[in-house]
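# Examination of the molecular architecture
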Amino acid sequence: MVSSSGISFTGLGSGLDTGAIVRQLVALERLPITALESRRSTEQQRLDLVGQLGDLVKGLRDKAEALATPDEFFAYSSTISDESVASVTTSANAVAGSHTLDVLRLAATDRWAFDPVAARDVNLAGGAGQTISFAVGESSYSIEVDPAASSLDAIAAQIDAEAGEHVEASVVNTGTETSPSYRLVVSSKASGEEGRIRDLSSTVGGGAGSLDVEWTAPDDDGVAVSRNNVTVGNDAIAIVDGLVVRRATNQLEDVVEGVAIDLRSTTAGESVTVSIEPDREAVRTKIDEFITAYNEVVDFIGTQGTFTPSEGEDGAGTTGGLLFGDSLLSNVRRSLSRALFDVDLDDVAADTEGYSTLALVGIEQDRDGRLSIDERAFDAKFTENLDALMDLFADVDGFDNGGAEPNTPGSIVDTTEDSGLMDRLVREIDRMFGSLDSGDSEIEIQGVFDLRQDAIRDSIGRFDEQIERRETRLERYEETLVLRFARLEELLGGLNAQGAALNSILG
């Protein structure tokens, strides 16, 4: 029935479940919308798969970039003949070789201890204006002590507050628990001669005791002269390959290229040997990670692009994924193959040592496109000529496209004499994602991934518009059905009432 509060069905007038009829009719009209929603969901899944493939290709790019330049490709390990003398670490720009090391003196921090007092918590200053003065580097300090807060702990806290940039103060008990002897210790925060504390003096005294210190500079050999100079701030002195090296710390990081030496003890006149050698395992790890990343891309493309014919008479079959037939898969596969396997035949012909292709150094490709490594062959090439192996993977002389116009195939072609496979692969992948390095600047274009994702998003947008339009029409259709069936209920109700009245008259 139709009322001021809306439309409702009772079924009393017609004896029909008109509400169920309306729902069924609306459900039939919704079938095209359901089909559109299913197609939209499929497109969304395709978009997600394109994103997954993009992530895999970007991961491959990262692994290729780790091999694309000599600095990235090379990895070195270091050894030292006596690990108690120093520890040695290397970076990517290290150079293979052997070095001698003599450690004559370790770097030390300047430290001064004032004369002892019997208690650490009693005030020592006898009046205002008493000071502790010293200099460190180019900074000078004159700390005026408050007589009401002049215990060792209070003075140490005040020194930290006013001169904490260069020194730190503490209180140390050099006696026993039953017979303590407290000393105020001031230490420089910088090791070496430049961190030495100079002109240390104290006028604090007259209270419960006095805070005395005798400052005398150490001698020319860096040996303490004052009784209060606990340790002298000295530079480390070492002889590396016959050359004397002085440093304010025990870390020698800029003496041998790509090598950091952390001194631990002196050598007492006996040299130790530091050896820098190519790290076979580190290079192999990078190669293995690249192969794994490459195979993940190939496996994804293979799964998505597989078609399995049916054994039945209908000739139908099944596909491996929603991207079956998508040109993006073939574009990615061709680009990767072009970067790694399209080599100059003249270079191969001129190669007398066997370092011009991946296959020659032990990296094979099977019929499915997956890579694998022959460990014995690769290790032999590593041992025979590491520079030639590196040259296959890395770009030695940098990139120059010869002035090719931006956004042209030639803009990513290296015209220099040397162009490593990994550098070529990085550029091919960059082009897939719309980033081209022209040598002087980086150019942003739409790559195949951008184009494919935009196309799928446009398709999803069209489906959204169609679904929205059909939903609007369906709402109007449902409203019309409800109104018509409500009118029918009213009509049939009136006819039933008239029939009942006639039956009563005819009695």
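Residues numbered from 1 in each chain as written. Predicted model: local features only at pLDDT ≥ 70, side-chain atom pairs only at ≥ 80, totals over all residues. Heavy atoms only, no water.

Okay, helix α4 (residues 280–304) next. Note: α-helices contain 3.6 residues per turn, so residues at a spacing of three or four share the same orientation. Here α4 spans 36 Å end to end across 25 residues, near enough to the 36 Å set by a 1.5 Å rise per residue. Of the residues flanking the start of α4, the one acting as N-cap is D279, its side-chain oxygen 3.2 Å from the backbone nitrogen of E281. (Helix = DSSP H or I, 4+ residues; strand = E, 2+ residues; numbered from the N terminus. Expected span 1.5 Å × (residues − 1). Polar contact = N/O pair within 3.5 Å; in protein donor to acceptor, adjacent residues only side chain to side chain.)

With that settled, the discussion passes to the sheet that holds strand β9 (residues 167–173). Sheet architecture is open: four strands sit in the order β9-β10-β6-β12, paired in antiparallel fashion. The open sheet terminates on both sides in strands that have one partner only, identified here as β9 and β12 (229–231). Strand-to-strand twist across the sheet, computed as the mean angle between neighbouring axes with direction ignored, equals 30°. Strands in contact with helix α3 (residues 152–163) are β9 and β10 (182–191); relative to β9, the strand with the most contacts, it is inclined by about 165°. (Pairing = 2+ DSSP bridges. Axes fitted to C-alpha atoms, helices over the stretch in contact; angles between N-to-C directions. Contact = heavy atoms within 4.5 Å.)

Here we come to the confidence of the model for the protein chain. Low-pLDDT portions of the prediction should not be read for the details of their coordinates. Chain-level pLDDT for the protein chain is 86 on average; 87% of the residues reach the 70-or-more range. Here residues 1–5 scores under 50 on pLDDT; set against residues more than four positions off or in separate chains, the count is 10 contacts. (pLDDT = per-residue confidence, 0-100.)

A positive phi is found at D199, a non-glycine position, where the angle reads about 50°. Of note, D199 is situated in strand β11 (residues 197–202). According to the relative accessible area criterion, D199 is partly exposed, its value standing at 46%. Not every positive phi belongs to a glycine, and D241 is a case in point at roughly 55°. Within the element layout of this structure, D241 appears in the loop between β13 (236–240) and β14 (243–247). (Buried < 20%, exposed > 50% of the residue type's maximum accessible area, 1.4 Å probe, protein only.)

Packing of helix α1 (residues 18–65) against helix α9 (residues 421–432) leaves a shortest axis separation of 9 Å and a crossing angle of 150°. Taken together, the axis directions place α1 and α9 in an arrangement best described as roughly antiparallel. For the pair α1 and α9, the crossing hand works out as left-handed. Taken together, the residues of α9 that come into contact with α1 (itself represented by V57, L60, R61, A64 and E65) are M422, L425, V426, I429, D430 and M432. Here the contact of α1 with α9 is composed, by residue class, of eight nonpolar, no polar and three charged. (Parallel < 35°, antiparallel > 145°, perpendicular 65-115°, else oblique. Left-handed = near helix turned anticlockwise from the far one by under 90°. Nonpolar A, V, L, I, M, F, W, Y, C, P; charged D, E, K, R; others polar.)

Further remarks concern α3. With 12 residues, α3 should reach 16 Å at 1.5 Å per residue; the first-to-last C-alpha distance of 16 Å fits that figure. Three or more residues of α3 are buried, namely L152, I155, A156, Q158, I159 and A163. Buried residues of α3 fall within an arc of 165° about the axis and therefore sit on the same side. In this structure, the buried residues of α3 make contact with β7 (131–136), β8 (139–144), β9 and β10. (Arc of directions from axis to C-beta.)

So, about the pattern of salt bridges. Scanning the entire structure with this criterion turns up 21 salt bridges. Of the charged contacts, one joins R46 and D326 as a salt bridge, the two residues approaching to 3.2 Å between their closest N and O atoms. Here R46 is found in helix α1, whereas its partner D326 is found in the loop between β19 (317–319) and α5 (327–341), with 280 residues between them in sequence. Just as R46 is buried, D326 falls in that class too. Through salt bridges that share partners, E43, R46, D326 and R452 make up one connected network. (Salt bridge = Lys/Arg side-chain N within 4 Å of Asp/Glu carboxyl O.)

Attention now moves to the nonpolar core. Counting 74 residues, the largest nonpolar core has L53, F73, L101, F290, V332 and F393 as its most contacted members. With 10 residues, the top contributor of residues to this core is α4. Not counting residues within four places of it along the chain, the set of residues in contact with F393 comprises L67, A68, F73, I287, L358, I363, G420, L421, M422 and D423. Formed by 27 residues, the second largest nonpolar core is a distinct cluster that contains V117, V136, V167 and Y182. (Core = buried A, V, L, I, M, F, W, Y, C linked by side-chain atoms within 4.5 Å.)

Right, let's talk about the packing of α1 against α4 for a bit. Packing of α1 against α4 brings their axes to within 8 Å, and their N-to-C directions diverge by 160°. On the basis of the axis angle, α1 is roughly antiparallel to α4. Where α1 crosses over α4, the two elements pack in a sense that is left-handed. Of the residues in α4, those in contact with L49, Q52, L53, L56, V57, G59, L60, K63 and A64 of α1 are E289, F290, A293, Y294, E296, V297, F300, I301 and Q304.

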